[in-house]
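Spelled out, the chains give:
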Amino acid sequence: SGGRSHSRSRSRSRSPRNRSDWQRRSRERDMERTERRSSRDRDRNRGEHRSSWGRDWDRRRGRSASPLRPEKPLTDEPPVKKKKEELDPILTRTGGAYIPPARLRMMQAQISDKSSLAFQRMSWEALKKSINGLVNKVNVSNIGNIIQELLQENIVRGRGLLARSLLQAQSASPIFTHVYAALVAIINSKFPQIGELILKRLILNFRKGYRRNDKQQCLTASKFVAHLINQNVAHEVLCLEMLTLLLERPTDDSVEVAISFLKECGLKLTEVSPRGINAIFERLRNILHESEIDKRVQYMIEVMFAIRKDGFKDHPVVPEGLDLVEDEDQFTHMLPLEDEYNLEDVLSKDGFICPPDLLLTFRLTFTEILDEGSSDSGDDAEGSDEEEEDEDNEEDGEAGEVTIFDQTEVNLVSFRRTIYLAIQSSLDFEECAHKLIKMDFPESQTKELCNMILDCCAQQRTYEKFFGLLAGRFCLLKKDYMESFEAIFQEQYDTIHRLETNKLRNVARLFAHLLYTDSVPWSVLECIKMSEETTTSSSRIFVKILFQELCAYMGLPRLNERLKDTTLQPFFEGLFPRDNPRNTRFAINFFTSIGLGGLTDELREHLKNAPKMIMTQNQDVESSDSSSSSSSSSDTSSDSDSSHGDSDSSSDSDDSSNSSSSGSSSNGFGQDSRWLLKSKWTPHPFSVLPVFSRWF
């Protein structure tokens, strides 16, 4: 207990000293805190930062110097904040935030300048949304309505958007590939450049997937190409090239892609290229015998042979309800697999472009396609009736030699397709003429070749001089081609009312080029009869464009000189009629209204002198009639009594009136000549210009 008390006493003896030390240190710390707080308050009140000597003092005392801060100006005005530049959401790459359709239409209505960048960007975004929505909604039941709505959009400007949307939709849903292929087939029949763009992108996608060993990309691209071949959008040569590439160095993936591709287009290849598909199946048989691939792929090859043996019954060429385009209306593109396609040209149609020439909207309604389909079906029905009648006649007739006629016109369709591919694959008219001459087709197809050149020219959006030069070259090579174009001119003029305005313009400009270069004789104008009864609005437009182009090529003096050629006057009697003043005035007014009044100087002179000519002719007729009547009356008075003389004189007067009327009608002017004689009217050369605007 003594030790415990001693230790307690020692601890108590040290406690006051320790307590004083602790109190002293706490007071020092409080003083330092107070000094720092007061210094901060002073700095805050003054609005100034510590000066350089204060920082040196802190550094000497071991404190860390505060970071340098910019000195604020001693002003009472608050600092001005910089505004962040606002980006126009319309001009950004993605189109910015979502804009409701009603607000978007309001923003478009507020823009007065339709050629501005903002308006074109908004229209571009609206076009992209519309195309994507229509492509995503298409199926077998509503493809007609979707086509009608799609053709009302400006797909010529947005062809890149359409191609990208179709490829993305097909890769996302390969089961609907046949529907997308039918959609492309209909668009390709009206806009071949869009079908060509889609096919080029598919070829590039297949080649890219083949280089990267991407089996899924190769499967989707090859399936789309197969259905385009079934729809006659792509040529079967592309299919054979792709199969040859896949089976050249066989692997498990390449053979699987080839079999999937062959299932879709095998029936089509069997119809159009039996030798090619036989070679493909022979290659598959060799791969199967080599047994270097996986068992699974070998089983797929065996299944493929079984499908071929069954005749591809589960894989038709075109599914039911999707055969919407006739073979004659379809454009088949001959694009090789290994060709060098410019990536910039193929892929540059996706981005936003705002040149002035794209401000026009090209619209086309689906009613034309329906009308063409209905007319074709009507023609087919008539043809079937005629065939039934022919069969009945053949059964009733005597038995004899059987002559087979190809009423399906397969050879004709193949011939026209060959000519079209040759024309589209040529750079200039000389190369095209050389290709067509080397084909060595029979002479019976000469007129069909000329018709095909004219049809290709008429199908263009605008006239291309390529076709005029090509037709002129054939006319100069052989007389048969010139005679064929003469007959085609007559046929086209007789059926000119069936053509659309664009086709009519292209045909007229083609024949104007042939007349200007003397590739066809000017005697073809004999079929043109200028009168109100023998012309229609279409024929007047045809003649207007024809002569305006001739005037642009030759000039008005040279054209007038050619039309006044004495050797060609019999062929221009219908073009510049002089048989009737009414037709003469019609021709004068027509050529004056189209700006070629200088061609009618002789007609005006003829119409001006027409009354004088009629008066002189009638005077001659009256004098001859009076002399004949006097001689007849003297003869009858000597041979008969007065009663018979009266009757004879009356009959003679009737004969004289009939002869005078026949004489007045024989002068070529009829009732108009008698009216001119009674009224003593002299027409002024510039007084015969009624309003012709209703004809154009």
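Above: the structure in question.
Residues numbered from 1 in each chain as written. Predicted model: local features only at pLDDT ≥ 70, side-chain atom pairs only at ≥ 80, totals over all residues. Heavy atoms only, no water.

## Remarks on the overall build of the protein
Scanning the protein from N- to C-terminus turns up 28 helices and zero strands. Across the 696 residues of the protein, 37% fall into the buried class. Sequence separation of at least 24 residues holds for 75% of the intrachain contacts in the protein that already meet a minimum separation of 6. Here the protein displays about 41,700 Å² of accessible surface, and carbon together with sulfur accounts for 50% of that area. (Helix = DSSP H or I, 4+ residues; strand = E, 2+ residues; numbered from the N terminus. Buried < 20%, exposed > 50% of the residue type's maximum accessible area, 1.4 Å probe, protein only. Contact = heavy atoms within 4.5 Å. Areas by Shrake-Rupley, 256 points an atom, 1.4 Å probe, with all protein chains shown as cover.)

## Let's talk about the packing of aromatic side chains
One pass over the structure, following the stated rule, counts twelve aromatic pairs. Plain terms: the ring middles of Phe-415 and Phe-441 are 5.5 Å apart, the flat faces sit at 70 degrees to each other, and that makes the pair edge-to-face. Taken together, the residues span a long stretch of sequence, with Phe-415 in helix H16 (residues 410–424) and Phe-441 in the loop between helix H17 (429–438) and helix H18 (446–459) at a distance of 26 residues. There is no split in this pair, since Phe-415 and Phe-441 are both buried. Relative to Phe-542, the ring of Tyr-493 lies with its centre 6.0 Å away and its plane at 55 degrees, an arrangement referred to as tilted. Within this pair, whereas Tyr-493 is found in helix H20 (residues 479–494), its partner Phe-542 is found in helix H22 (residues 537–554), the two being separated by 49 residues in sequence. As far as the burial class goes, Tyr-493 and Phe-542 line up, both buried. Taken together through their ring pairs, the aromatic side chains of Phe-489, Tyr-493, Phe-511 and Phe-542 make up a single cluster. Geometry around Phe-281 places Arg-308 over its ring, the cationic atom sitting 4.3 Å from the centre. (Phe/Tyr/Trp six-rings, centres within 6.5 Å; stacked < 30°, edge-to-face > 60°. Lys NZ or Arg CZ within 6 Å of the ring centre and 35° of its normal.)

## Some words on the packing of H18 against H20
Close contact between H18 and H20 brings their axes to 9 Å; oriented N to C, the two are set at 60 degrees. One finds that H18 runs oblique with respect to H20. Judged by the twist between their axes, the crossing of H18 over H20 is right-handed. For the pair H18 and H20, the contacting residues are Thr-446, Lys-447, Leu-449, Cys-450, Asn-451 and Leu-454 in the first and Asp-480, Tyr-481, Ser-484, Phe-485, Ala-487, Ile-488, Glu-491 and Gln-492 in the second. A per-class count over the contact of H18 with H20 returns seven nonpolar, four polar and three charged. (Axes fitted to C-alpha atoms, helices over the stretch in contact; angles between N-to-C directions. Parallel < 35°, antiparallel > 145°, perpendicular 65-115°, else oblique. Left-handed = near helix turned anticlockwise from the far one by under 90°. Nonpolar A, V, L, I, M, F, W, Y, C, P; charged D, E, K, R; others polar.)

## Quick word on the side chain of Glu-256
In this structure, Glu-256 sits in helix H11 (residues 252–272). Given the relative accessible area of 14%, Glu-256 is considered buried. Apart from the residues lying within four places of it in its own chain, the contact partners of Glu-256 are Lys-215, Arg-296 and Met-300.

## Section: helix H9 (residues 215–230)
An ideal rise of 1.5 Å per residue puts 22 Å on 16 residues; H9 measures up with 22 Å between its terminal C-alpha atoms. The buried fraction of H9 amounts to 13 of the 16 residues, a majority that puts the element mostly inside the structure. The N-cap of H9, judged by a side-chain oxygen 3.4 Å from the amide nitrogen of Gln-216 a few residues on, is Asp-214. Of the residues one or two after H9, Asn-232 is the one with positive phi, at around 65 degrees. (Expected span 1.5 Å × (residues − 1). Polar contact = N/O pair within 3.5 Å; in protein donor to acceptor, adjacent residues only side chain to side chain.)

## Thoughts on the state of the cysteines
A complete count under the given rule lists zero disulfides for this structure. In this structure Cys-239 is not part of a disulfide, and its nearest cysteine sulfur, from Cys-265, lies 3.3 Å away. (Disulfide = S-S within 2.5 Å.)

## Comments concerning the environment of Lys-435
Along the polypeptide, Lys-435 turns up in helix H17. Residue classification places Lys-435 among the partly exposed residues on the basis of a relative accessible area of 28%. Between the C-alpha atoms of Lys-435 and Ile-423, which are twelve residues apart in sequence, the distance is 8.7 Å. Within polar-contact distance, the side chain of Lys-435 engages the side chain of Ser-425 at 3.3 Å.

## Digging into the pattern of salt bridges
Between side chains of opposite charge, a pair can form when the charged atoms approach closely. According to the stated counting rule, one finds 18 salt bridges in the structure shown. The partner of Arg-33 in a salt bridge is Asp-30, and the shortest N-O contact between them spans 3.0 Å. Here Asp-30 and Arg-33 lie together in helix H1 (residues 2–46), a separation of three residues that amounts to about one turn. Residue class for Arg-33 comes out partly exposed when judged on its relative accessible area of 40%. Taking the relative accessible area as the measure of exposure, Asp-30 reaches 42% and is therefore partly exposed. When the shortest N-O distance is used, the salt bridge between Lys-435 and Glu-431 registers 3.4 Å. Here Glu-431 and Lys-435 lie together in helix H17, a separation of four residues that amounts to about one turn. Several salt bridges share partner residues, and in doing so they unite Lys-215, Glu-256 and Arg-296 into one network. (Salt bridge = Lys/Arg side-chain N within 4 Å of Asp/Glu carboxyl O.)

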